[in-house]
Amino acid sequence: MHIYQISNNDKFDIKKLDPNDTKLWKKDKKAAKDELRDLRKKLIDLQRTLYAQHKHKILIVLQAMDAGGKDGTIKSIFKGVNPQGVRVAGFKVPTQEEREHDYLWRIHKRTPRNGEIVIFNRSHYEDVLVVRVHQLVPEKVWKKRYDHIIRFERLLSEEGTTILKFFLNISQEEQKERFLERIEKPEKQWKFNPNDLEERKLWEDYMQAYQDAISKTSTAYAPWFVIPANRNWYRDYVITSIIVETMENLKMHYPNPVENIEQFKDAII
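Small disclaimer: the values here were computed from a predicted structure and weren't measured.

Quick notes on the rules
- Residues numbered from 1 in each chain as written.
- Predicted model: local features only at pLDDT ≥ 70, side-chain atom pairs only at ≥ 80, totals over all residues.
- Heavy atoms only, no water.
- Helix = DSSP H or I, 4+ residues; strand = E, 2+ residues; numbered from the N terminus.
- Contact = heavy atoms within 4.5 Å.
- Phe/Tyr/Trp six-rings, centres within 6.5 Å; stacked < 30°, edge-to-face > 60°.
- Buried < 20%, exposed > 50% of the residue type's maximum accessible area, 1.4 Å probe, protein only.
- Lys NZ or Arg CZ within 6 Å of the ring centre and 35° of its normal.

K.L.:
Before we go on, may I ask you to explain the side chain of Q53 in this structure?
P.N.:
Along the chain, Q53 turns up in helix α1 (residues 29–53). Setting aside anything within four residues of it in sequence, one finds Q53 in contact with M252, H253 and P255.

K.L.:
Before we go on, may I ask you to explain the packing of aromatic side chains in this structure?
P.N.:
For any pair of aromatic rings, the description rests on two quantities: the centre-to-centre distance and the angle between the ring planes. Taken as a whole and assessed by the stated rule, the structure comprises nine aromatic pairs. With centroids separated by 4.9 Å and ring planes inclined at 75°, the aromatic side chains of Y125 and W224 adopt a geometry described as edge-to-face. Taken together, the positions of Y125 in the loop between β4 (117–121) and α5 (130–133) and W224 in strand β6 (residues 224–228) put the pair 99 residues apart, joining distant regions of the chain. A single burial state applies to Y125 and to W224, both of which are buried. A connected cluster of aromatic rings, assembled from ring pairs, spans Y4, W25, W233, Y234 and Y237. The residue whose ring lies beneath R110 is F91, and the NZ or CZ to ring-centre distance is 5.1 Å. R145 extends its terminal NZ or CZ atom over the ring of Y103, reaching a point 4.4 Å from the ring centre.

Dropping the structure here:
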């Protein structure tokens, strides 16, 4: 089991997990960036094989507090990967049509197809996070959703989807610094939303909601990893290494070429 993986029903304390931790990397930051570059090359090759073989499918779930780094993680890790086989699905406030279905309806239709990697930028977990914190439905309703989610993810897994779930764990102080940066830097001002400050006041409520969601829904087939995310370079290194190792374990290969492929050389004009 990976050092940052949470086991099923683990009684971990999310407040005791250090967002500044870098225990998996003993060298300097520059060396980590060099290693990340090498990992990206491996990821590019693995994704190419995944797309060609058209057998496996990968679902990556990213959750974090506001300014937690979900967009930056996606941009950094998947730099250079063929966009034909990678799709990002973001989940905002449900539309009227989505509200008229069960809460997993909009999620299921955006899961990956064969040969595809899909990254969920937020996900079905909003229905046991935001919904819980803001009391949008009664407690007896959102509490049932842990079991729904476990069964939903088991279905995806049994149908051939490899699932990896990452919580980007930043500190409240780091969030403050990132909010200030969004206000002070013109190129980042578009990211600032005053409503995020109201959500920040609910930090403790969100931490409890995350702790419960992660501990109750981390399974062998859909594990949760709580990633120290105050340092972007370390966050990217750890997540990329987990994705690469997981994809390598799938033992993927290119499809066999047409029989006697060499004979077609002379037919090329």
